[in-house]
Amino acid sequence: MAVVNILGVEVDQVTFTGAIEQISSFIDHGQPHQIVTVNPEFIMRAQHDRAFRKVLLEADLAVPDGAGLIWASRILARRAPRRARHAKVTLTQRVTGTDLLPALAARAEHEGWRLYLLGGGPGVAARAAQILKLHHPKLKIVGAESGPLLSDDGKPISLDQAALLDAALARIHHAKPHLLFVAFGAPKQDRFIARYRNELKVPVM
């Protein structure tokens, strides 16, 4: 898959449909994969946060979540030397996390994939699960919880929260979802997934 390098962050040239198919391939593969939804704020943070930039670069799929990234890719292509312009890659379509969730829920209902929702604050994941089930009655949601409070590095902020984290990790591992949606906000959620992906062994996070 072609990528566009925007200020040191690589973003995959993928359409919305292409992202869904890539995620399906990840699930078929079975090994843990991390998806990041890169927006302009991610790009700017990555300029001074090397650890966050490393997480973005090591993700298995980096989708362009923002019109600003599409404009930036076009500007970069125009600024390329004339002889190299034909080889320059541009991003063509926004692929947002908020659009991916309902689309993947619809695909999951059809395929029988299991979903787990983590984060979003007290009651948010449970409410999101209710809404998804209203639209997709046969959808298998195997967990929905707010999870622990994390610091920006993706670690629990206290010993009490560490205990909540351990319990959440155990529940996710036991539920064996195909898809884990994490909503702690950036960069917490991205670092959380990077830190625990091999332990959780969820095909798509």
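Residues numbered from 1 in each chain as written. Predicted model: local features only at pLDDT ≥ 70, side-chain atom pairs only at ≥ 80, totals over all residues. Heavy atoms only, no water.

### Considerations on the side chain of Gln34
In step 1: Looking at the secondary structure, you find Gln34 in the loop between helix H1 (16–29) and strand E3 (35–38).
In step 2: We classify Gln34 as buried; its relative accessible area is 1%.
In step 3: Side-chain polar atoms of Gln34 contact the backbone oxygen of Asp190, separated by 2.9 Å.
In step 4: Contact partners of Gln34, with chain neighbours within four places excluded, come to Val55, Ala59, Asp60, Leu61, Asp190, Ile193, Ala194, Arg197 and Met205. (Helix = DSSP H or I, 4+ residues; strand = E, 2+ residues; numbered from the N terminus. Buried < 20%, exposed > 50% of the residue type's maximum accessible area, 1.4 Å probe, protein only. Polar contact = N/O pair within 3.5 Å; in protein donor to acceptor, adjacent residues only side chain to side chain. Contact = heavy atoms within 4.5 Å.)

### Side note on the nonpolar core
In step 1: Grouped together as the largest cluster of nonpolar side chains are 24 residues, with contacts concentrated most on Ala19, Ile23, Leu61, Leu104, Leu115, Leu179 and Val204.
In step 2: At the level of secondary structure, the elements contributing two or more residues to this core comprise H1, strand E4 (61–64), helix H5 (97–111), strand E5 (114–119), helix H6 (124–135) and strand E7 (179–183).
In step 3: Considering each element in turn, this core owes the most residues, five residues, to H1.
In step 4: Filtering out sequence-adjacent residues up to four positions away, Leu104 remains in contact with Ile20, Ile23, Trp113, Leu179 and Phe181. (Core = buried A, V, L, I, M, F, W, Y, C linked by side-chain atoms within 4.5 Å.)

### Quick word on the pattern of salt bridges
Side chains carrying opposite charge are able to pair once their charged atoms draw close together.
In step 1: Taken as a whole and assessed by the stated rule, the structure comprises eight salt bridges.
In step 2: One salt bridge connects Glu111 with Arg107, and the closest N-O pair in it is separated by 3.2 Å. Placement of the pair is Glu111 and Arg107 together in helix H5, with a separation of four residues, close to one helical turn.
In step 3: The exposure class assigned to Glu111 is partly exposed, which follows from its relative accessible area of 40%. (Salt bridge = Lys/Arg side-chain N within 4 Å of Asp/Glu carboxyl O.)

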